[in-house]
Amino acid sequence: MLSWTALGLALSLRLALAQSAAERGPPAAAPQGDLLFLLDSSASVSHYEFSRVREFVGQLVAPLPVGPGALRASLVHVSSRPHTEFPFNQLGSGQAVQDAVRAAAQRMGDTNTGLALAYVKEQLFAEAAGARPGVPKVLVWVTDGGSSDPVGPPMQELKDLGVTVFIVSTGRGNLLELSAAASTPAEKHLRFVDVDDLSIITAELQASILGAVQPQRLHAAEVTPHGFRLAWPPLLTTDSGFYVLELAPSAEPQAARRQRVPGDATGWSWSGLRPDTDYDVVLLPESNLRLLGPQHVRVRTLPDEAGPERIVISHAKPRSLRVSWAPALGPGTALGYRVQFGPLRGGAVQRVDVPAGRNSTMLQGLAPGCAYLVTVTAAFRSGRERALSAKACTPAGERSRAPRGTPGLSARPAGLAGRPPAAGPPRPQP
(Lines give C-alpha, C1' and ligand atoms only; values in the text may rest on other atoms or scores of the structure.)
Protein backbone atom coordinates (compact mmCIF):
# COMPACT_ATOMS: atom_id res chain seq x y z
CA MET A 1 0.00 0.00 0.00
CA LEU A 2 2.82 2.30 0.82
CA SER A 3 4.51 1.67 -2.51
CA TRP A 4 1.30 2.52 -4.42
CA THR A 5 0.98 5.72 -2.43
CA ALA A 6 4.57 6.65 -3.18
CA LEU A 7 4.04 5.90 -6.87
CA GLY A 8 0.92 8.04 -6.94
CA LEU A 9 2.76 10.92 -5.29
CA ALA A 10 5.60 10.61 -7.78
CA LEU A 11 3.22 10.68 -10.74
CA SER A 12 1.37 13.65 -9.30
CA LEU A 13 4.66 15.47 -8.81
CA ARG A 14 5.74 14.79 -12.39
CA LEU A 15 2.41 16.03 -13.75
CA ALA A 16 2.64 19.16 -11.62
CA LEU A 17 6.17 19.82 -12.81
CA ALA A 18 5.16 19.24 -16.45
CA GLN A 19 2.20 21.61 -16.08
CA SER A 20 4.41 24.23 -14.43
CA ALA A 21 6.95 23.93 -17.22
CA ALA A 22 4.20 24.31 -19.83
CA GLU A 23 2.97 27.44 -18.11
CA ARG A 24 6.45 28.88 -18.10
CA GLY A 25 6.93 27.97 -21.76
CA PRO A 26 10.02 26.52 -23.42
CA PRO A 27 13.11 26.56 -21.22
CA ALA A 28 15.61 29.33 -21.79
CA ALA A 29 18.12 28.20 -24.38
CA ALA A 30 21.40 29.53 -25.63
CA PRO A 31 20.98 32.14 -28.39
CA GLN A 32 20.88 30.57 -31.83
CA GLY A 33 22.24 32.20 -34.95
CA ASP A 34 24.65 31.93 -37.86
CA LEU A 35 27.56 34.36 -37.47
CA LEU A 36 29.80 34.96 -40.50
CA PHE A 37 33.03 36.94 -40.40
CA LEU A 38 34.10 38.57 -43.67
CA LEU A 39 37.76 39.62 -43.58
CA ASP A 40 39.65 41.71 -46.13
CA SER A 41 42.45 39.28 -46.98
CA SER A 42 43.62 41.06 -50.16
CA ALA A 43 46.96 42.67 -50.96
CA SER A 44 45.56 46.09 -49.97
CA VAL A 45 45.99 44.99 -46.34
CA SER A 46 49.49 44.65 -44.90
CA HIS A 47 50.53 41.43 -43.19
CA TYR A 48 50.75 43.32 -39.90
CA GLU A 49 47.20 44.70 -40.24
CA PHE A 50 45.85 41.26 -41.14
CA SER A 51 47.50 39.72 -38.10
CA ARG A 52 45.91 42.34 -35.83
CA VAL A 53 42.49 41.73 -37.40
CA ARG A 54 42.86 37.96 -36.85
CA GLU A 55 43.69 38.58 -33.21
CA PHE A 56 40.67 40.87 -32.85
CA VAL A 57 38.23 38.34 -34.37
CA GLY A 58 39.66 35.58 -32.20
CA GLN A 59 39.13 37.63 -29.04
CA LEU A 60 35.68 38.65 -30.23
CA VAL A 61 34.38 35.12 -30.74
CA ALA A 62 36.14 33.24 -27.92
CA PRO A 63 33.57 33.97 -25.13
CA LEU A 64 30.49 33.72 -27.37
CA PRO A 65 28.21 30.68 -26.89
CA VAL A 66 29.38 28.78 -29.97
CA GLY A 67 28.03 25.25 -30.33
CA PRO A 68 25.76 22.98 -32.39
CA GLY A 69 22.60 24.17 -30.62
CA ALA A 70 23.68 27.79 -30.19
CA LEU A 71 25.80 30.12 -32.32
CA ARG A 72 27.63 28.76 -35.32
CA ALA A 73 30.51 30.67 -36.88
CA SER A 74 32.08 30.81 -40.33
CA LEU A 75 34.94 32.81 -41.86
CA VAL A 76 35.19 34.00 -45.47
CA HIS A 77 38.16 35.83 -47.02
CA VAL A 78 37.86 38.78 -49.44
CA SER A 79 40.39 38.36 -52.23
CA SER A 80 40.32 38.01 -56.03
CA ARG A 81 37.90 35.16 -55.34
CA PRO A 82 36.12 34.53 -52.03
CA HIS A 83 37.47 31.68 -49.92
CA THR A 84 35.84 29.90 -46.97
CA GLU A 85 38.28 29.31 -44.12
CA PHE A 86 35.75 27.15 -42.22
CA PRO A 87 31.97 26.58 -42.66
CA PHE A 88 29.30 26.85 -39.97
CA ASN A 89 29.19 23.15 -39.09
CA GLN A 90 32.93 22.54 -38.72
CA LEU A 91 33.84 24.03 -35.31
CA GLY A 92 31.89 23.42 -32.11
CA SER A 93 33.29 25.91 -29.58
CA GLY A 94 34.49 29.46 -29.25
CA GLN A 95 38.00 28.25 -28.50
CA ALA A 96 38.06 26.11 -31.66
CA VAL A 97 36.93 29.10 -33.75
CA GLN A 98 39.55 31.28 -32.07
CA ASP A 99 42.32 28.80 -32.93
CA ALA A 100 41.13 28.48 -36.53
CA VAL A 101 40.97 32.26 -37.01
CA ARG A 102 44.49 32.76 -35.69
CA ALA A 103 45.79 30.03 -38.01
CA ALA A 104 44.14 31.56 -41.12
CA ALA A 105 46.58 32.65 -43.84
CA GLN A 106 46.17 35.86 -45.81
CA ARG A 107 45.01 35.19 -49.38
CA MET A 108 46.34 38.39 -51.08
CA GLY A 109 44.95 39.29 -54.57
CA ASP A 110 42.35 41.95 -55.43
CA THR A 111 39.74 43.40 -53.06
CA ASN A 112 36.60 42.02 -54.74
CA THR A 113 34.27 42.62 -51.80
CA GLY A 114 31.10 42.69 -53.92
CA LEU A 115 31.91 39.24 -55.30
CA ALA A 116 32.57 38.00 -51.76
CA LEU A 117 29.22 39.38 -50.53
CA ALA A 118 27.34 37.49 -53.26
CA TYR A 119 29.20 34.37 -52.11
CA VAL A 120 28.37 35.13 -48.46
CA LYS A 121 24.68 35.30 -49.36
CA GLU A 122 24.87 31.70 -50.56
CA GLN A 123 26.84 30.55 -47.51
CA LEU A 124 24.49 32.15 -44.97
CA PHE A 125 21.47 30.34 -46.38
CA ALA A 126 22.99 27.09 -47.68
CA GLU A 127 22.38 24.06 -45.48
CA ALA A 128 25.32 22.36 -47.22
CA ALA A 129 27.56 25.00 -45.59
CA GLY A 130 26.01 24.31 -42.17
CA ALA A 131 23.59 27.27 -42.24
CA ARG A 132 20.28 26.71 -40.47
CA PRO A 133 16.87 27.90 -41.65
CA GLY A 134 14.86 30.05 -39.28
CA VAL A 135 17.76 31.35 -37.15
CA PRO A 136 19.06 34.95 -37.13
CA LYS A 137 21.88 35.74 -39.56
CA VAL A 138 24.70 38.12 -38.61
CA LEU A 139 27.56 39.38 -40.80
CA VAL A 140 30.63 41.06 -39.29
CA TRP A 141 32.68 42.68 -42.07
CA VAL A 142 36.17 43.89 -41.10
CA THR A 143 37.65 46.09 -43.84
CA ASP A 144 40.15 48.83 -44.57
CA GLY A 145 37.33 50.54 -46.47
CA GLY A 146 38.33 49.91 -50.08
CA SER A 147 36.84 47.59 -52.71
CA SER A 148 37.60 46.89 -56.37
CA ASP A 149 33.94 46.23 -57.21
CA PRO A 150 30.56 47.65 -56.09
CA VAL A 151 29.47 46.75 -52.56
CA GLY A 152 26.05 48.41 -52.31
CA PRO A 153 23.76 46.10 -54.36
CA PRO A 154 24.93 42.73 -52.93
CA MET A 155 24.95 44.14 -49.40
CA GLN A 156 21.41 45.44 -49.81
CA GLU A 157 20.30 41.98 -50.94
CA LEU A 158 21.70 40.52 -47.72
CA LYS A 159 19.91 43.09 -45.57
CA ASP A 160 16.68 42.56 -47.48
CA LEU A 161 16.92 38.88 -46.49
CA GLY A 162 17.12 39.87 -42.81
CA VAL A 163 20.89 39.71 -42.27
CA THR A 164 22.17 42.06 -39.55
CA VAL A 165 25.36 43.72 -40.84
CA PHE A 166 28.09 45.06 -38.55
CA ILE A 167 31.03 46.85 -40.19
CA VAL A 168 34.40 47.52 -38.57
CA SER A 169 36.57 49.86 -40.64
CA THR A 170 40.18 50.47 -39.80
CA GLY A 171 39.76 54.13 -40.69
CA ARG A 172 40.18 54.57 -44.43
CA GLY A 173 36.62 53.92 -45.58
CA ASN A 174 34.10 56.33 -47.07
CA LEU A 175 31.66 57.29 -44.31
CA LEU A 176 28.59 57.61 -46.55
CA GLU A 177 29.24 54.34 -48.40
CA LEU A 178 29.87 52.33 -45.25
CA SER A 179 26.91 53.94 -43.45
CA ALA A 180 24.67 52.83 -46.30
CA ALA A 181 26.15 49.31 -46.21
CA ALA A 182 25.73 48.75 -42.45
CA SER A 183 22.41 47.87 -40.84
CA THR A 184 20.37 50.76 -39.56
CA PRO A 185 20.87 52.75 -37.47
CA ALA A 186 24.45 53.11 -38.75
CA GLU A 187 25.71 54.55 -35.46
CA LYS A 188 25.02 51.18 -33.80
CA HIS A 189 26.38 48.96 -36.57
CA LEU A 190 29.42 50.84 -37.95
CA ARG A 191 32.69 51.45 -36.13
CA PHE A 192 35.82 53.28 -37.32
CA VAL A 193 38.86 52.30 -35.29
CA ASP A 194 42.62 52.12 -35.81
CA VAL A 195 43.92 48.61 -36.36
CA ASP A 196 46.00 48.85 -33.17
CA ASP A 197 42.95 49.85 -31.10
CA LEU A 198 40.47 47.16 -32.19
CA SER A 199 40.32 45.73 -28.68
CA ILE A 200 38.51 48.90 -27.56
CA ILE A 201 35.30 47.82 -29.30
CA THR A 202 35.47 44.06 -28.54
CA ALA A 203 33.08 43.98 -25.56
CA GLU A 204 30.59 46.35 -27.18
CA LEU A 205 30.51 44.35 -30.42
CA GLN A 206 30.08 41.08 -28.52
CA ALA A 207 27.02 42.48 -26.77
CA SER A 208 25.63 43.79 -30.07
CA ILE A 209 26.03 40.38 -31.72
CA LEU A 210 24.22 38.66 -28.86
CA GLY A 211 21.46 41.27 -29.04
CA ALA A 212 21.07 40.63 -32.78
CA VAL A 213 20.64 36.87 -32.34
CA GLN A 214 18.45 37.04 -29.24
CA PRO A 215 16.28 40.17 -29.19
CA GLN A 216 14.54 40.76 -25.87
CA ARG A 217 11.29 42.17 -27.23
CA LEU A 218 9.49 42.91 -30.47
CA HIS A 219 11.48 45.48 -32.40
CA ALA A 220 12.01 46.74 -35.96
CA ALA A 221 15.16 46.75 -38.08
CA GLU A 222 16.13 47.52 -41.67
CA VAL A 223 13.58 50.34 -41.89
CA THR A 224 13.16 51.70 -45.44
CA PRO A 225 10.64 54.09 -47.05
CA HIS A 226 8.42 51.14 -47.99
CA GLY A 227 8.95 48.49 -45.32
CA PHE A 228 10.81 47.11 -42.31
CA ARG A 229 11.74 43.84 -40.67
CA LEU A 230 10.35 42.73 -37.29
CA ALA A 231 12.16 40.49 -34.81
CA TRP A 232 11.13 39.04 -31.45
CA PRO A 233 12.44 36.48 -28.93
CA PRO A 234 11.41 32.80 -29.23
CA LEU A 235 8.20 32.70 -27.18
CA LEU A 236 6.61 29.60 -28.75
CA THR A 237 7.54 26.46 -30.62
CA THR A 238 6.05 24.85 -33.72
CA ASP A 239 3.91 22.56 -31.56
CA SER A 240 2.89 25.05 -28.89
CA GLY A 241 1.12 27.66 -31.00
CA PHE A 242 1.46 30.41 -33.60
CA TYR A 243 1.67 34.20 -33.85
CA VAL A 244 -0.69 36.75 -35.34
CA LEU A 245 0.88 40.01 -36.52
CA GLU A 246 -1.27 43.10 -36.92
CA LEU A 247 -0.03 46.20 -38.72
CA ALA A 248 -1.93 49.45 -39.26
CA PRO A 249 -1.10 53.09 -40.02
CA SER A 250 -1.33 54.95 -36.72
CA ALA A 251 -3.76 57.47 -38.26
CA GLU A 252 -5.90 54.72 -39.87
CA PRO A 253 -6.35 51.81 -37.45
CA GLN A 254 -9.24 50.53 -39.57
CA ALA A 255 -6.78 49.77 -42.41
CA ALA A 256 -5.09 46.98 -40.43
CA ARG A 257 -3.27 44.10 -42.11
CA ARG A 258 -2.89 40.69 -40.45
CA GLN A 259 -0.43 37.87 -40.93
CA ARG A 260 -0.30 34.43 -39.29
CA VAL A 261 3.26 33.25 -38.54
CA PRO A 262 4.42 29.77 -37.33
CA GLY A 263 5.35 29.33 -33.67
CA ASP A 264 9.05 28.71 -34.43
CA ALA A 265 9.41 32.04 -36.27
CA THR A 266 11.32 34.95 -34.73
CA GLY A 267 10.91 37.50 -37.49
CA TRP A 268 8.79 38.81 -40.33
CA SER A 269 9.26 41.49 -43.05
CA TRP A 270 6.57 43.96 -44.09
CA SER A 271 6.71 45.60 -47.53
CA GLY A 272 4.54 47.84 -49.71
CA LEU A 273 4.16 50.47 -46.98
CA ARG A 274 3.87 54.24 -47.30
CA PRO A 275 6.98 56.37 -46.82
CA ASP A 276 7.31 58.74 -43.86
CA THR A 277 4.37 57.10 -42.02
CA ASP A 278 3.88 55.83 -38.47
CA TYR A 279 2.75 52.21 -38.18
CA ASP A 280 1.49 50.40 -35.08
CA VAL A 281 2.48 46.73 -34.90
CA VAL A 282 1.07 44.12 -32.49
CA LEU A 283 2.50 40.63 -31.99
CA LEU A 284 -0.14 38.22 -30.58
CA PRO A 285 1.19 34.83 -29.40
CA GLU A 286 -1.60 32.24 -29.63
CA SER A 287 -1.05 29.14 -27.49
CA ASN A 288 -3.20 26.52 -25.73
CA LEU A 289 -0.44 25.81 -23.19
CA ARG A 290 -0.05 29.21 -21.60
CA LEU A 291 -1.26 32.79 -21.76
CA LEU A 292 1.18 35.25 -23.32
CA GLY A 293 0.48 38.94 -23.56
CA PRO A 294 0.72 40.91 -26.80
CA GLN A 295 3.80 42.99 -27.66
CA HIS A 296 3.54 46.40 -29.31
CA VAL A 297 5.92 48.62 -31.26
CA ARG A 298 5.47 51.79 -33.33
CA VAL A 299 7.67 52.13 -36.42
CA ARG A 300 8.04 55.13 -38.72
CA THR A 301 9.06 54.42 -42.29
CA LEU A 302 11.77 56.57 -43.82
CA PRO A 303 10.94 59.46 -46.16
CA ASP A 304 10.89 58.50 -49.82
CA GLU A 305 14.41 58.68 -51.15
CA ALA A 306 13.70 58.90 -54.87
CA GLY A 307 16.68 60.69 -56.36
CA PRO A 308 16.84 62.97 -59.40
CA GLU A 309 14.80 61.46 -62.24
CA ARG A 310 15.39 64.08 -64.93
CA ILE A 311 18.23 66.50 -65.72
CA VAL A 312 17.75 69.55 -67.97
CA ILE A 313 20.66 71.55 -69.46
CA SER A 314 19.88 75.16 -70.42
CA HIS A 315 21.44 78.62 -70.92
CA ALA A 316 24.50 77.01 -72.52
CA LYS A 317 27.32 79.48 -73.25
CA PRO A 318 30.94 78.85 -74.17
CA ARG A 319 32.05 78.99 -70.55
CA SER A 320 28.92 78.31 -68.52
CA LEU A 321 25.60 76.49 -68.49
CA ARG A 322 22.71 75.87 -66.14
CA VAL A 323 21.84 72.38 -64.88
CA SER A 324 18.39 71.71 -63.40
CA TRP A 325 16.83 68.51 -62.10
CA ALA A 326 13.52 67.10 -60.94
CA PRO A 327 11.98 66.32 -58.59
CA ALA A 328 13.07 68.99 -56.15
CA LEU A 329 13.47 67.54 -52.64
CA GLY A 330 12.86 69.67 -49.57
CA PRO A 331 15.18 69.99 -46.54
CA GLY A 332 13.07 67.48 -44.60
CA THR A 333 13.83 64.78 -47.16
CA ALA A 334 17.35 65.42 -48.46
CA LEU A 335 20.48 66.84 -46.88
CA GLY A 336 21.39 68.47 -50.18
CA TYR A 337 22.82 67.83 -53.62
CA ARG A 338 26.30 67.33 -55.03
CA VAL A 339 26.82 68.36 -58.66
CA GLN A 340 30.01 67.00 -60.25
CA PHE A 341 31.13 67.82 -63.79
CA GLY A 342 34.19 67.10 -65.90
CA PRO A 343 35.20 66.79 -69.60
CA LEU A 344 34.15 63.52 -71.22
CA ARG A 345 37.60 63.11 -72.75
CA GLY A 346 39.29 63.31 -69.38
CA GLY A 347 40.32 66.10 -67.07
CA ALA A 348 39.74 67.50 -63.63
CA VAL A 349 36.32 66.91 -62.09
CA GLN A 350 34.78 69.90 -60.33
CA ARG A 351 32.09 69.93 -57.67
CA VAL A 352 29.31 72.29 -56.61
CA ASP A 353 27.23 71.72 -53.46
CA VAL A 354 23.58 72.78 -53.63
CA PRO A 355 21.38 72.97 -50.51
CA ALA A 356 18.12 71.02 -50.24
CA GLY A 357 15.10 72.87 -51.58
CA ARG A 358 16.92 74.10 -54.70
CA ASN A 359 17.00 72.16 -57.94
CA SER A 360 19.34 74.07 -60.24
CA THR A 361 22.76 75.69 -60.34
CA MET A 362 25.00 77.50 -62.82
CA LEU A 363 28.25 75.78 -63.77
CA GLN A 364 31.04 78.29 -64.44
CA GLY A 365 34.59 78.15 -65.78
CA LEU A 366 33.85 75.73 -68.61
CA ALA A 367 35.78 75.35 -71.87
CA PRO A 368 34.16 76.39 -75.17
CA GLY A 369 33.14 73.61 -77.54
CA CYS A 370 33.59 70.87 -74.92
CA ALA A 371 31.40 67.90 -73.95
CA TYR A 372 30.91 67.40 -70.20
CA LEU A 373 29.50 64.64 -68.02
CA VAL A 374 27.30 66.17 -65.32
CA THR A 375 26.23 64.04 -62.32
CA VAL A 376 23.65 65.18 -59.75
CA THR A 377 23.69 63.23 -56.48
CA ALA A 378 21.06 63.59 -53.75
CA ALA A 379 22.27 62.79 -50.22
CA PHE A 380 19.70 61.60 -47.67
CA ARG A 381 19.66 61.56 -43.87
CA SER A 382 19.82 57.76 -43.84
CA GLY A 383 23.30 57.91 -45.42
CA ARG A 384 22.06 56.66 -48.78
CA GLU A 385 22.60 58.52 -52.05
CA ARG A 386 20.80 58.60 -55.41
CA ALA A 387 22.54 59.90 -58.56
CA LEU A 388 21.72 60.65 -62.20
CA SER A 389 24.08 61.72 -64.99
CA ALA A 390 23.65 63.61 -68.28
CA LYS A 391 25.89 64.90 -71.07
CA ALA A 392 26.16 68.66 -71.68
CA CYS A 393 28.01 70.55 -74.43
CA THR A 394 29.18 74.15 -74.50
CA PRO A 395 29.00 76.03 -77.81
CA ALA A 396 32.26 76.65 -79.67
CA GLY A 397 32.16 80.43 -79.24
CA GLU A 398 30.08 83.59 -79.33
CA ARG A 399 29.97 86.15 -82.08
CA SER A 400 29.36 89.75 -81.14
CA ARG A 401 27.03 91.67 -83.42
CA ALA A 402 27.95 95.15 -84.63
CA PRO A 403 25.37 97.86 -83.98
CA ARG A 404 22.97 98.31 -86.86
CA GLY A 405 23.75 101.18 -89.18
CA THR A 406 27.50 101.12 -88.48
CA PRO A 407 29.39 100.23 -91.67
CA GLY A 408 32.79 98.68 -91.68
CA LEU A 409 32.30 96.40 -88.64
CA SER A 410 31.89 92.64 -89.01
CA ALA A 411 30.98 89.94 -86.47
CA ARG A 412 33.93 88.04 -85.03
CA PRO A 413 34.59 85.58 -82.22
CA ALA A 414 34.65 87.16 -78.81
CA GLY A 415 38.08 85.72 -78.19
CA LEU A 416 39.52 87.97 -80.99
CA ALA A 417 38.31 91.21 -79.49
CA GLY A 418 41.78 92.72 -79.51
CA ARG A 419 42.46 91.97 -83.19
CA PRO A 420 41.50 94.54 -85.88
CA PRO A 421 38.64 93.52 -88.16
CA ALA A 422 39.42 92.23 -91.63
CA ALA A 423 39.10 94.77 -94.44
CA GLY A 424 36.10 94.49 -96.75
CA PRO A 425 33.37 96.42 -98.44
CA PRO A 426 30.74 98.00 -96.23
CA ARG A 427 27.56 96.02 -95.78
CA PRO A 428 24.49 97.41 -97.53
CA GLN A 429 22.15 99.25 -95.17
CA PRO A 430 18.69 97.84 -94.67
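Just so it is clear, the model here is predicted, and its values are computed rather than measured. (Residues numbered from 1 in each chain as written. Predicted model: local features only at pLDDT ≥ 70, side-chain atom pairs only at ≥ 80, totals over all residues. Heavy atoms only, no water.)

Here we look at the overall build of the chain
Item 1. A tally of regular secondary structure across the chain gives 8 helices and 22 strands.
Item 2. Of all 430 residues assigned to the chain, the portion counted as buried reaches 42%.
Item 3. Considering only residue pairs separated by 6 or more positions, the chain has 66% of its internal contacts joining residues 24 or more positions apart.
Item 4. Taken as a whole, the chain presents about 22300 Å² of accessible surface, with 55% of it coming from carbon and sulfur. (Helix = DSSP H or I, 4+ residues; strand = E, 2+ residues; numbered from the N terminus. Buried < 20%, exposed > 50% of the residue type's maximum accessible area, 1.4 Å probe, protein only. Contact = heavy atoms within 4.5 Å. Areas by Shrake-Rupley, 256 points an atom, 1.4 Å probe, with all protein chains shown as cover.)

As for the sheet that holds strand S12 (residues 278-287)
Item 1. As summarised here, the arrangement of the 4 strands in space is S10-S9-S12-S13, forming an open sheet in which the pairing is antiparallel. Looking at the sheet topology across the chains shown, the edges are occupied by strand S10 (257-262) and strand S13 (295-300). Within this sheet the neighbouring strands show an average axis-to-axis angle of 20°, counted without direction. (Pairing = 2+ DSSP bridges. Axes fitted to C-alpha atoms, helices over the stretch in contact; angles between N-to-C directions.)

Quick look at helix H5 (residues 152-160)
Item 1. Restricting attention to buried positions, one finds in H5 the residues Pro154, Met155, Leu158 and Lys159. Relative to the axis of H5, the buried residues are bounded by an arc of 140° and lie together on one face. Structural note: H5 exposes Pro153 and Asp160 on the side pointing more than 90 degrees away from its buried face.
Item 2. Looking at the buried side of H5, the elements it contacts are helix H4 (113-125), strand S4 (137-143), strand S5 (164-169), helix H6 (175-181) and strand S7 (219-224).
Item 3. Positive backbone phi, approximately 95°, marks Gly162, located one or two places after H5. (Arc of directions from axis to C-beta.)

Points about the pattern of salt bridges
Item 1. Per the stated rule, a full pass over the model turns up 12 salt bridges.
Item 2. For Glu246, the salt bridge goes to Arg258, with nearest N and O atoms at 3.1 Å. Of this pair, Glu246 sits in strand S9 (residues 241-249) while Arg258 sits in strand S10, and the two are 12 residues apart along the sequence.
Item 3. Using a relative accessible area of 23% as the deciding quantity, one classes Glu246 as partly exposed.
Item 4. For Arg258, a relative accessible area of 56% translates into the label exposed.
Item 5. The residue Asp280 makes a salt bridge to Arg298 at a minimum N-O spacing of 2.7 Å. You can see Asp280 sitting in strand S12 and its partner Arg298 sitting in strand S13, a full 18 residues away along the chain.
Item 6. Accessibility expressed as a relative area gives 28% for Asp280, which makes it partly exposed.
Item 7. Several salt bridges converge on common partners, so that one network encompasses Asp34, Arg132 and Lys137. (Salt bridge = Lys/Arg side-chain N within 4 Å of Asp/Glu carboxyl O.)

Brief notes about the sheet that holds S5
Paired through their backbone hydrogen bonds, the strands of a sheet run either parallel or antiparallel.
Item 1. Ordered by their spatial adjacency, 6 strands build an open sheet running S3-S2-S1-S4-S5-S6, and the pairing between neighbours is mixed. The open sheet terminates on both sides in strands that have one partner only, identified here as strand S3 (83-86) and strand S6 (190-192). When strand polarity is set aside, the average angle formed by the axes of neighbouring strands in this sheet is 20°.
Item 2. As judged from the 3 bridges shared by strand S2 (residues 71-78) and S3, these two strands associate in the antiparallel manner.

Considering the packing of aromatic side chains
Item 1. Here the structure, examined in full by the defined rule, presents 3 aromatic pairs.
Item 2. In this structure, Lys137 is placed above the aromatic ring of Phe125, and the distance from its NZ or CZ to the ring centre is 5.4 Å.
Item 3. Across the ring face of Phe242, the terminal group of Arg260 is positioned such that the distance to the ring centre comes to 3.7 Å. (Phe/Tyr/Trp six-rings, centres within 6.5 Å; stacked < 30°, edge-to-face > 60°. Lys NZ or Arg CZ within 6 Å of the ring centre and 35° of its normal.)

Comments concerning the confidence of the model for the chain
Item 1. Residues at a pLDDT of 70 or more form 83% of the chain, whose mean pLDDT is 80.
Item 2. When the criterion is pLDDT under 50, residues 1-28 qualifies, and its contacts beyond four places in sequence or with other chains add up to 9 contacts.
Item 3. Contacts for the low-pLDDT stretch residues 400-430, under 50 throughout, to residues beyond four places or in other chains number 18 contacts. (pLDDT = per-residue confidence, 0-100.)

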